[in-house]
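As a plain string of letters, each chain reads:
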Amino acid sequence: MSDDIAIKIEGISKTFKLPHEKAGSIKNTLIGFARRKRGYELQEVLKDVTFDIKKGEFFGIVGRNGSGKSTLLKLISGIYTPSNGSITVNGKLTPFIELGVGFNHELTGRENVYLNGALLGFSRSEMELLYDDIVAFAELERFMDQKLKNYSSGMQVRLAFSIAIRVKTDILILDEVLAVGDESFQRKCLDVFEEYKRNKKTIVLVTHDMATVRRFCTKAVLIHDGKLISEGKTEEVTEGYTKLNQESIDNQVPQIQDHEPSDLVIALKNTENKNTKRFEYGEDLRVELSWPKTKKVNAAGVTINTSMGECAYATNTFIDKQNVTTNKIICSFKLNLGAGKYYIMAGTFLDRPESQVDFVTHGPSFFINQESRIKGEGITRLDHEWRQS
Amino acid sequence: MTKQNRALLSELVRTDFKLRYQGSALGYAWSLLSPLLMFAILYVVFVKFLRLGNGVPHYPIYLLLGIVIWNFFLEMTMQGTTAIVGRGDLIRKIRIPRWMIVFSTSLSALINLGLNLVVVAAFMIFNKVGFLDTLPLLIFPLFEVYVLALGMSLLLSALFVKYRDVSYIWQIILQAGFYITPIIYPLSLITNVTLQKLIMINPVAQAIQDARYAAITHATTTGSNVFGGGYYKYTPFLIVTAAFFGGLMYFKSQSKYFAENI
């Protein structure tokens, strides 16, 4: 193995035996044996995966839930043994599948620090030197002699994290550690990541948060159904991931009821006046609002929300000084939005915004298909240019 | 053993000890009290009422030492059985040598044995048991029981990952073992020679008798007495060796799959 490679993964496969019922008793095994019946099913979680991770790389492993990425991580960490293939690790490797492994609720904070430290490879004397720093960083000075069960979950995470970042190792394996904790904690995590990146440590990060991957990773692989489907630069891989997610959302769309029934009817059309859900970047979206003639309506409003419920843009006839006199109104939008799923929120009013007639909080959704030619992050994609003077 | 593994081992043993008597008012005292109370019961029933052990010098101490060694074997194998499954949180999330978890439970049992032996020593002085020059030899039967218990712990802990019945089966075997081992009755009570030999094939029985011989009284019937000069007097040692290496090999073959099977 050449010296610049940190982890070499060659033709890894992993098959799990999944017992039908909890076959963990001798009786069941005997009965199964007598009937010549296998008490388990074989599930191939990873199929012939091969790639290298070079030293100093911040390497992302991305994939949807159940794709096999966490299994791959546990294989690299040496927790699972591969069914086939081999993994060679060059250097000291520390996995963080979870923060605070081995934390015991019946022990005090202090005792847990020493225990967790030992599990991460520190000797007691090393821990004694680090102890004050760890406690200070976690901001838990007053609580160290209390049992862990009296800590809030946030305090536990803080303590675990401040031990974890002391680890001196060549290769770090991180599994969505960021998924826990509040915003300030997550920011602390990101700062530590930056620090690792500056120090040219080898990091393997498993996540489905594309923003983190794009921000930190220099290279990435995409795992889908246990197979490696793309490998290379972060942008290419994350784009592949977004596309993958898109397809699965599309497949789900017919099954979910799109929006609640209301007197206010919302239709989405393209410039050719056809009902559609798919748009390209920059295309016109026509939102048609209609209501029974018997209803008295003087104003209307439309909001475009992202799938996360964030407002991308909102407007109404009050702002635009339009007077509504018919029972149908069309608002056209030029969609300079990033790829993804959006939905409409709309309402009709009398003279004032407070005087609601009908309101649809979760209206029909639509998709912006491809990432536009304009690269970047955020809800919208703005035409821009750089100039130097 | 690397420095890290040593640190981990000591931390695991420490945790084990801290947690063992968690929340009990008497704490560590229980590790001395429970064998003493058991001794008191057995002493009253078997020595005072049934008058077993008449003719054996210092029979109460003889009884106590047997109980302490048996308890050591029982505690270590019982805790060993559940060691791997009980520490499933570590095994599924971190890479530490699996044997270390079983080994750490064996060490805490060993520490407990040490404490209990202090009590035995106190009783010996109080009871004016004469000092025997064979006392240092006590270490060998104790070591033998430790190796046997470690081998059984490795085997049982690996089996327990797959078959949860193992702990119940082992409990029953231990119950039976308590009666077919000459703990509460002196071996001399059995008059049938073949039966004596069968009893003494059990390594724990042989070790307990040897320990009593070394520490308390040379009037103890030991394995060499029972078997005479025959080669089969080595059978118990063979069993210990087989149990240790068998357990170790089975454990090694299974330990790769602990994380996914727990």
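Relevant structure appears above.
Residues numbered from 1 in each chain as written. Chains lettered and ligands numbered in written order. Predicted model: local features only at pLDDT ≥ 70, side-chain atom pairs only at ≥ 80, totals over all residues.

### Thoughts on the overall build of chain B
Turning to step 1, where the next piece is worked out: From N to C terminus, chain B includes 12 helices and zero strands.
Turning to step 2, where the next piece is worked out: From first element to last, N terminus to C terminus, chain B shows the α and β order α-α-α-α-α-α-α-α-α-α-α-α.
Turning to step 3, where the next piece is worked out: For chain B, whose C-alpha radius of gyration is 19 Å, the value lies close to the compact-globule estimate of 18 Å for 262 residues.
Turning to step 4, where the next piece is worked out: Projected onto its principal axes, the C-alpha coordinates of chain B cover approximately 60 × 45 × 35 Å. (Helix = DSSP H or I, 4+ residues; strand = E, 2+ residues; numbered from the N terminus. Rg over C-alpha atoms; globule rule 2.2 N^0.38 Å.)

### Remarks on the overall build of chain A
Turning to step 1, where the next piece is worked out: Scanning chain A from terminus to terminus reveals eight helices and 18 strands.
Turning to step 2, where the next piece is worked out: When each of the 389 residues of chain A is scored for burial, the buried share is 31%.
Turning to step 3, where the next piece is worked out: For chain A, long-range pairs separated by at least 24 residues make up 70% of all intrachain contacts whose partners lie at least 6 apart in sequence. (Buried ≥ 20, exposed ≤ 12 C-beta atoms within 10 Å, placed from the backbone. Contact = placed C-beta atoms within 7 Å.)

### Topic: the sheet that holds strand E1 (residues 5–19) of chain A
Picture the strands of a sheet paired through backbone hydrogen bonds; they go either parallel or antiparallel.
Residue and element names in this part refer to chain A.
Turning to step 1, where the next piece is worked out: Pairing is antiparallel in the open sheet, where three strands are placed in the order E2-E1-E4. The sheet is open, and its two borders are formed by strand E2 (40–54) and strand E4 (84–89), each paired with just one other strand. This sheet shows a mean twist of 25 degrees between the axes of neighbouring strands, independent of strand direction.
Turning to step 2, where the next piece is worked out: As defined by bridge partners, E1 adjoins E4 across five bridges and the pair is classed as antiparallel. Across the sheet, residue Ser13 finds its bridge partner in E4, namely Asn84. (Pairing = 2+ DSSP bridges. Axes fitted to C-alpha atoms, helices over the stretch in contact; angles between N-to-C directions.)

### Quick word on the interface of chain A and chain B
Turning to step 1, where the next piece is worked out: Each partner contributes residues to the interface: chain A has 27 residues there, and chain B has 24 residues.
Turning to step 2, where the next piece is worked out: Looking at the side of chain A that touches chain B, the elements with two or more residues in it are helix H2 (69–77) and helix H3 (109–119) of chain A.
Turning to step 3, where the next piece is worked out: Here the element with the most residues in the side of chain A that touches chain B is H3 of chain A; it accounts for five residues.
Turning to step 4, where the next piece is worked out: Among the residues making up the side of chain A that touches chain B, the classes are represented as 13 nonpolar, nine polar and five charged. (Nonpolar A, V, L, I, M, F, W, Y, C, P; charged D, E, K, R; others polar.)

### Re the packing of helix H3 (residues 59–86) of chain B against helix H9 (residues 203–215) of chain B
Residue and element names in this part refer to chain B.
Turning to step 1, where the next piece is worked out: One can describe the packing of H3 onto H9 by two numbers: an axis separation of 10 Å at closest approach and a directional angle of 140 degrees. Accordingly, the angle class assigned to the pair H3 and H9 is oblique. For H3 against H9, the interelement crossing comes out right-handed. Where H3 approaches H9, its residues Tyr62, Leu65, Gly66, Ile69, Trp70 and Phe73 are matched on the opposing element by Val204, Ala207, Ile208, Ala211, Arg212 and Ala215.
Turning to step 2, where the next piece is worked out: Class assignment of the residues belonging to the contact of H3 with H9 gives a composition of 10 nonpolar, one polar and one charged. (Parallel < 35°, antiparallel > 145°, perpendicular 65-115°, else oblique. Left-handed = near helix turned anticlockwise from the far one by under 90°.)

### Comments concerning helix H5 (residues 153–164) of chain A
Residue and element names in this part refer to chain A.
Turning to step 1, where the next piece is worked out: Spanning 12 residues, H5 covers 16 Å between terminal C-alpha atoms, matching the ideal 16 Å at 1.5 Å per step.
Turning to step 2, where the next piece is worked out: If you check which residues of H5 are buried, you get Gln156, Arg158, Leu159, Ala160, Phe161, Ser162, Ile163 and Ala164.
Turning to step 3, where the next piece is worked out: Taken together, the buried residues of H5 touch strand E5 (93–96), H3, helix H4 (124–138) and helix H6 (183–198). (Expected span 1.5 Å × (residues − 1).)

### Things to note about the nonpolar core
Turning to step 1, where the next piece is worked out: Core analysis: the largest hydrophobic core is formed by 122 residues, its most contacted members being Leu119 and Val204 of chain A together with Leu65, Ile69, Ile84 and Val145 of chain B.
Turning to step 2, where the next piece is worked out: Sequence-distant contacts of Leu119 of chain A, that is, excluding residues within four places in its chain, are made with Val101 and Gly102 of chain A together with Leu8, Leu90, Ile94 and Ile96 of chain B.
Turning to step 3, where the next piece is worked out: Within the second largest apolar cluster, 22 residues are counted, among which are Leu264, Leu289, Ile304 and Ile368 of chain A. (Core = buried A, V, L, I, M, F, W, Y, C linked by C-beta atoms within 7 Å.)

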